[in-house]
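# Coordinates in review
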Amino acid sequence: MERRWMSEAQANTLEWFSYKVRPMLREIRAKLATYLSVRSFPRTDHGQHSLKFKYQIQVPTSTVVFVENASQGINAVVRSLNFKPTDTVLLTNVTYGMARNAVLFAQKRFGFNIITVDLSFPTDENQILEAFRPHLEGGNVTLALFDHISSGPAVIFPLDKLIPMAKENGAMVLVDGAHAVGQVPLNLTALNPDFYVSNGHKWMCSPPGSAFLYVRSELQYLIHPTVISFGYNPTLNNTYVAEFEWIGTRDFSAWLAWKTALEFRLNLTDTAVHAYNNDLCLNASQLFIDRWPGAYRLAPSNMTASLTNVVIPCNNKGNNSTAGCYVGWDLVSLYEVLHTKWNIWPFITELYPGGPRYIRLSCQIYLSLADYELLATAMDSVISWN
Ligand SMILES: Cc1ncc(COP(=O)(O)O)c(C=O)c1O
């Protein structure tokens, strides 16, 4: 689809840019806003979709704009806000590097304070809430930057409790939901963040460059794209949509591809996709736990959707101490064999420098348990478990 839009644009560029593309983008933004207003999350067996909302309040189309990626969305918010030196921005030790850097960049300009909440793993919902509570309830946080699903390790944050905790204590909330759309059902009206960013190019299977930014209506006057363009009008209070809609002549095909991505997901029945991926992740991680004594997950099932992390034990006796660990294999030679001999590209990293290594498993509808069995066999062909 992306290529089809590219050739249509090239066929008559004047017609395309002057008349065609903007109405199409508005229509797709409206569809996306509806997708971000899912009324109830009917799945209750693993707990993660058990939120139920009494009312479906449609996310207004005017709150949702397209951006290239989470990096652009997070930067637009962090770099637009006028902080004071007495302000405080709250991050965590697992905040994605780009988001942390955007905050560090703003800190250099405004001189505000940064609190980094230290999260340890394995974790559960209560531990996460208690780690944030003293900082948020202190009432000094200006902006709290929460992951929806962190990247390393991948864990669903209990936003339904964290966002009220932050807002009741006077903080604005920016959510890095880079991994969330398509992985978990979203109801932005119910979650009620101030700013929310997510990538279609992770779990919606749309092409790279297809992300969105949500900004609550009352705060839109504060937020501008990192590029100021024709859409900006200093005599008007709020030019949010116009500014993000036209950030210069560009290739709009990745944004237009949202249409197909949304239709694809809705045709498959979205809840069935979530359920399949989640079951697959729980079963795949169990497969490794059963195979490798001492292996364990870093988050419980109610904090897991389509990404799960399994700690790789040191040896077949379940010894997880790091000293003398991983005898007989190093990551470089493991990758070398997995890439060249098995054509498998896994994501393996350390929980913290020098700490336990874990593998992050991604689960998507084109995969089945047999794929993870193959991965386990491939890893066992390299790792010496003695
Ligand atoms: C949690 C999180 N935030 C932000 C990003 C950045 O996304 P992008 O590179 O599309 O800007 C990623 C990418 O993996 C991520 O995992």
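Report on the accompanying structure.

Cut-offs and rules
- Residues numbered from 1 in each chain as written.
- Predicted model: local features only at pLDDT ≥ 70, side-chain atom pairs only at ≥ 80, totals over all residues.
- Heavy atoms only, no water.
- Buried < 20%, exposed > 50% of the residue type's maximum accessible area, 1.4 Å probe, protein only.
- Helix = DSSP H or I, 4+ residues; strand = E, 2+ residues; numbered from the N terminus.
- Pairing = 2+ DSSP bridges.
- Near = heavy atom within 4 Å.
- Polar contact = N/O pair within 3.5 Å; in protein donor to acceptor, adjacent residues only side chain to side chain.
- Areas by Shrake-Rupley, 256 points an atom, 1.4 Å probe, with all protein chains shown as cover.
- Nonpolar A, V, L, I, M, F, W, Y, C, P; charged D, E, K, R; others polar.
- Disulfide = S-S within 2.5 Å.
- 1 Å grid on protein atoms, 1.4 Å probe; cavity = no way out; pocket = protein on both sides within 12 Å on 5 of 7 lines; lining within 4 Å.
- Points joined across faces, edges and corners; volume = space filled by probe spheres on them.

Further remarks concern the pairing of strand 4 (residues 143–147). Of all five residues in strand 4, five are buried; the element is thus mostly enclosed. Side chains Leu143, Leu145 and Asp147 of strand 4 all project onto a buried face; the interleaved residues Ala144 and Phe146 project onto the opposite face, where all are buried too. Pairing analysis gives two bridges linking strand 2 (residues 88–92) to strand 4, with the strands arranged parallel. Paired with Leu90 across the two strands is Ala144, which belongs to strand 4. By the bridge criterion, five bridges tie strand 4 to strand 5 (residues 172–176) in an arrangement that is parallel. Directly across from Phe146, in strand 5, lies its bridge partner Val175.

A word on the site of the ligand. In the vicinity of the ligand, 13 residues are found, and the nearest of them are Ser71, Asp176, Asn199, His201 and Lys202. In this structure, Ser71 approaches the ligand through a side-chain N or O atom, which is 2.6 Å from an oxygen atom. Interatomic distance of 3.3 Å between a side-chain N/O atom of His179 and an oxygen atom of the ligand. Burial of the ligand by the surrounding chains reaches 86%, relative to a free accessible area of 390 Å². Secondary structure elements with two or more residues in the shell around the ligand: helix 3 (70–80) and helix 8 (200–203). When grouped by side-chain class, the residues that make up the shell around the ligand number four nonpolar, six polar and three charged.

Before going further, it helps to spend a moment on the state of the cysteines. All told, the structure shown has one disulfide when counted by the stated rule. Cysteine Cys205 remains unbridged, with the sulfur of Cys363 as its closest cysteine sulfur at 13 Å.

Bringing the layout of surface pockets into the picture now. Computed from the structure, the largest pocket encloses a volume of approximately 450 Å³. If you go around the largest pocket, you meet 17 residues; those closest to its centre are Trp345, Leu361, Ser362, Leu367 and Tyr372. Those elements that place two or more of their residues in the lining of the largest pocket are helix 8, strand 11 (357–362) and helix 14 (369–380). In terms of residue class, the lining of the largest pocket is built from 12 nonpolar, two polar and three charged.

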